[in-house]
Every structure is written in C-alpha cells, then in structure tokens.
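# Notes for the structure review
One-letter residues, chain by chain:
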Amino acid sequence: MEQATPRWWVSPPGPDESLRSCLARAATLYESEPGELWSQLHAGAQQPAGTVDDPSCPALQRLGLALGVPAPSLRPHRLPDSPALLAPQARMAICPACWAEDDAAGRPRGYRRSWSHVLRTICPVHHAPLILPRDRLNPDLASALGAQAALDDHDREILELIERFGTALEASLFEDTLWPADWQGSPHFAREWLTRVTFDPGDTRGPPLIANVSAPRALAGFIRGPRHYRELRGADGWEAFRHLVDPCERRAALWIVAWQAMPALPVSVSPGWIDMKGLF
C-alpha cells in the first residue's frame, strides 16, 4: 500500500529553477540528503519514480502534493539528461545577479535550468559570465558582481566570442543546425578538440593545453585552465567534459577551439600562444 505523501514546507520552484534545486532546498530545511528525501517521497510507490530531474508522471504528482502546487506547474522545471547538458553533479556555477534578484524579491536562491548547458557559460538574462562560488552556501555576491562590472569592452568581446562559438556548436551538435560554411572543421571535430585541449597532457604529461590560455587581467578569474596534470579516465572524453564543474575551464577550451575554427578573427581576441601540433 502506497504511503501518504508528505508535505514539504518550502517554496515551489522559482523562475526557471530546476526540480533538483528545489529538492535540495527541502533537504536543507529538513536536515536530510536530497537522495534520501526523494526516496522517502516515493516509498511504497507502485510505479517507477524516474529521476528528480525527469520524474515520471506519478512521481510528478507526488512532488506537486509535497510542494502544495499542481503537478502540471512543475513540468517546465524538469531537466532531462542530455549530452548537451552538464552532468547533474557538475551543475554548480551560478549567476550572482540572478541570486541577487532572488534576494531582493524575498525568494530562495535557485539553480536555473539555463545554467546547465555544457557549451554555454553566460547567463542569458544578465549576459554575464557564470561563476563557481567558493562558498556556495554563503557566496560573496557583492564581490562577484563587482568583478563582472570591472570588465571592459575588450573583455566582454572575448566572452561574447566564446559564447557565440559555444551557442553555434551546441546548435550544430544537438539541434541539427548547419555548421557555418566559413568555419573550419566540423561540429564533431570541434567537440573532439574541446576534450583534447582540456585533457590531453601531450608528451610531457603536464597540464593540458587550456592551462596555456593568456587572458587579460580582468578575465583571469573567468578563464583559466588547471595547473596540474589531470588524467582522463574512461573512454568517453565528452562525458568527462560534461563533468567539468568550473566554467572557467570550459571557457578556456571553447576559446582555443573557437580561435582554430573561426577564420579571420583579430589578434586582439587570440587566446595566446598555444602549441596545437598533433591535435589539429
């Protein structure tokens, strides 16, 4: 016999908030783990629950009862897994301006679905780079907003180049949009290049190529690579790329590959000297 659905006394999902984010808020309130709370919600259920990001219809009904809202209102907040998205565990980068707006509106801070795209690193609402806060529970939003405000036109030109390339690559890989005719290579080669510059240590088994990007000073906190050797485990490099938590590393990779794929870019937006021998 199916148990009665508990009532969670938390706010329903905010603007574009993912269901996983809402579950995490409930788990924090009840001093529990999100997975444990999700299991308790579906204890004794006769049908599969699916995942919190993509629940089954019965699971969505129970989730609506727990949050005190109609189940159909939760459908837009689902986030089915896809190669175009970050792995669920890697969805941690946020837009400080969005969270500042949550604070001003008196609503809980929530993770937006639009932040989960693996090839996108800019908030579509504020057109500002996503960041990985050092302290996620108590991030310094004022400092983060100040760092973004300090970016000049040249800095933003580089960020917009990276975002434009990532958006076009996403559309070509996952939405069957044609690869720009004047670009080099193909979307599948570009995806392979992204994983190579991110994980390939070369002959020296040192840091990958993204460690060599040379960003302007104000962008140093937004574009960088690891300074140490990082082993690629498993056969699927794209899955490893989807697990990159830090958007700084994804920006570095996108910048290098964009420079190789997009012809006639001005030297002013070059990622610096990068030795591509053997990779491209």
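Source: prediction; values computed, not measured.

### Some remarks on the overall build of the protein chain
- A tally of helices and strands in the protein chain yields nine helices and zero strands.
- When the helices and strands of the protein chain are listed from N to C terminus, the series reads α-α-α-α-α-α-α-α-α.
- Whereas a compact globule of 280 residues would reach a radius of gyration of roughly 19 Å, the protein chain reaches 21 Å, a difference of no more than 12%.
- Projected onto the principal axes, the alpha-carbon positions of the protein chain cover approximately 65 × 40 × 35 Å.
- Counting the 280 residues in the protein chain, one finds 48% classified as buried.
- A fraction of 64% describes how many contacts in the protein chain between residues 6 or more apart in sequence connect residues 24 or more apart.
- Working note: accessible area of the protein chain is about 14000 Å², and carbon and sulfur atoms make up 54% of it.

### Comments concerning the pattern of salt bridges
- Per the counting criterion, the structure on display carries 14 salt bridges.
- One salt bridge connects E163 with R120, and the closest N-O pair in it is separated by 3.2 Å. Here E163 is found in helix α6 (residues 153-174), whereas its partner R120 is found in the loop between α4 (96-105) and α5 (141-149), with 43 residues between them in sequence.
- The network of salt bridges with shared partners includes R20, D53, D81, R91, E239 and R242.

### Thoughts on the nonpolar core
- Grouped together as the largest cluster of nonpolar side chains are 56 residues, with contacts concentrated most on W115, L119, F165, L169, L194, I223 and F241.
- Mapped onto this core, the elements with two or more residues apiece are α4, α5, α6, α7 (187-199), α8 (237-242) and α9 (247-261).
- Those residues in contact with W115 that sit more than four places away from it in its chain are L86, A93, I94, C95, C98, W99, G110, C123 and L130.

### Concerning the packing of aromatic side chains
- Applying the stated rule across the entire model yields six aromatic pairs.
- Taken together, the ring pairs connect F165, W179 and W183 into an aromatic cluster.
- Sitting over the face of the ring of W9, R7 holds its NZ or CZ atom 4.2 Å from the ring centroid.

### Remarks on α5
- For α5, the set of buried residues is L141, A144 and Q148. Each buried residue of α5 sits inside an arc of 65° when the element is viewed along its axis, so together they form one side. More than 90 degrees from the buried face of α5, the exposed residues found are A142 and A149.
- Buried-residue contacts for α5 involve α4 and α6.

### Things to note about the side chain of S116
- In this structure, S116 sits in the loop between α4 and α5.
- According to the relative accessible area criterion, S116 is buried, its value standing at 0%.
- Discounting residues that sit within four places of it in the chain, S116 has contacts with L79, L85, L86, R91 and Y111.

### Examining the packing of helix α1 (residues 19-29) against helix α2 (residues 34-41)
- Remark: α1 packs on α2, axes separated minimally by 8 Å, with the N-to-C direction vectors making an angle of 95°. As far as their axial angle goes, α2 and α1 are roughly perpendicular. Facing α1, whose interface residues are L23, A24, A26 and A27, α2 presents P34, L37 and W38.
- Class assignment of the residues belonging to the contact of α1 with α2 gives a composition of seven nonpolar, no polar and no charged.

### Notes on the layout of surface pockets
- Within this model, the largest pocket holds a volume of roughly 540 Å³.
- If you go around the largest pocket, you meet 19 residues; those closest to its centre are S21, A24, R25, R109 and R136.
- When residues of the lining of the largest pocket are assigned to their parent elements, the largest contribution, six residues, is made by α1.
- Broken down by class, the residue content of the lining of the largest pocket amounts to eight nonpolar, four polar and seven charged.
- Roughly 440 Å³ of volume is contained in the second largest pocket.
- Together, 19 residues line the second largest pocket, and I131, L132, P133, R134 and G221 are the ones closest to its centre.
- When contributions to the lining of the second largest pocket are tallied by element, the ones reaching two or more residues are α5 and α9.
- Counting residues per element, the lining of the second largest pocket draws most heavily on α5, at three residues.
- For the lining of the second largest pocket, a count of residues per class yields ten nonpolar, three polar and six charged.

### Some thoughts on the confidence of the model for the protein chain
- This prediction gives the protein chain a mean pLDDT of 91; 93% of its residues lie at or above 70.
- Within the protein chain, α6 carries the highest mean pLDDT (98), whereas α2 carries the lowest (91).

Calculation rules
Residues numbered from 1 in each chain as written. Predicted model: local features only at pLDDT ≥ 70, side-chain atom pairs only at ≥ 80, totals over all residues. Heavy atoms only, no water. Helix = DSSP H or I, 4+ residues; strand = E, 2+ residues; numbered from the N terminus. Rg over C-alpha atoms; globule rule 2.2 N^0.38 Å. Buried < 20%, exposed > 50% of the residue type's maximum accessible area, 1.4 Å probe, protein only. Contact = heavy atoms within 4.5 Å. Areas by Shrake-Rupley, 256 points an atom, 1.4 Å probe, with all protein chains shown as cover. Salt bridge = Lys/Arg side-chain N within 4 Å of Asp/Glu carboxyl O. Core = buried A, V, L, I, M, F, W, Y, C linked by side-chain atoms within 4.5 Å. Phe/Tyr/Trp six-rings, centres within 6.5 Å; stacked < 30°, edge-to-face > 60°. Lys NZ or Arg CZ within 6 Å of the ring centre and 35° of its normal. Arc of directions from axis to C-beta. Axes fitted to C-alpha atoms, helices over the stretch in contact; angles between N-to-C directions. Parallel < 35°, antiparallel > 145°, perpendicular 65-115°, else oblique. Nonpolar A, V, L, I, M, F, W, Y, C, P; charged D, E, K, R; others polar. 1 Å grid on protein atoms, 1.4 Å probe; cavity = no way out; pocket = protein on both sides within 12 Å on 5 of 7 lines; lining within 4 Å. Points joined across faces, edges and corners; volume = space filled by probe spheres on them. pLDDT = per-residue confidence, 0-100.

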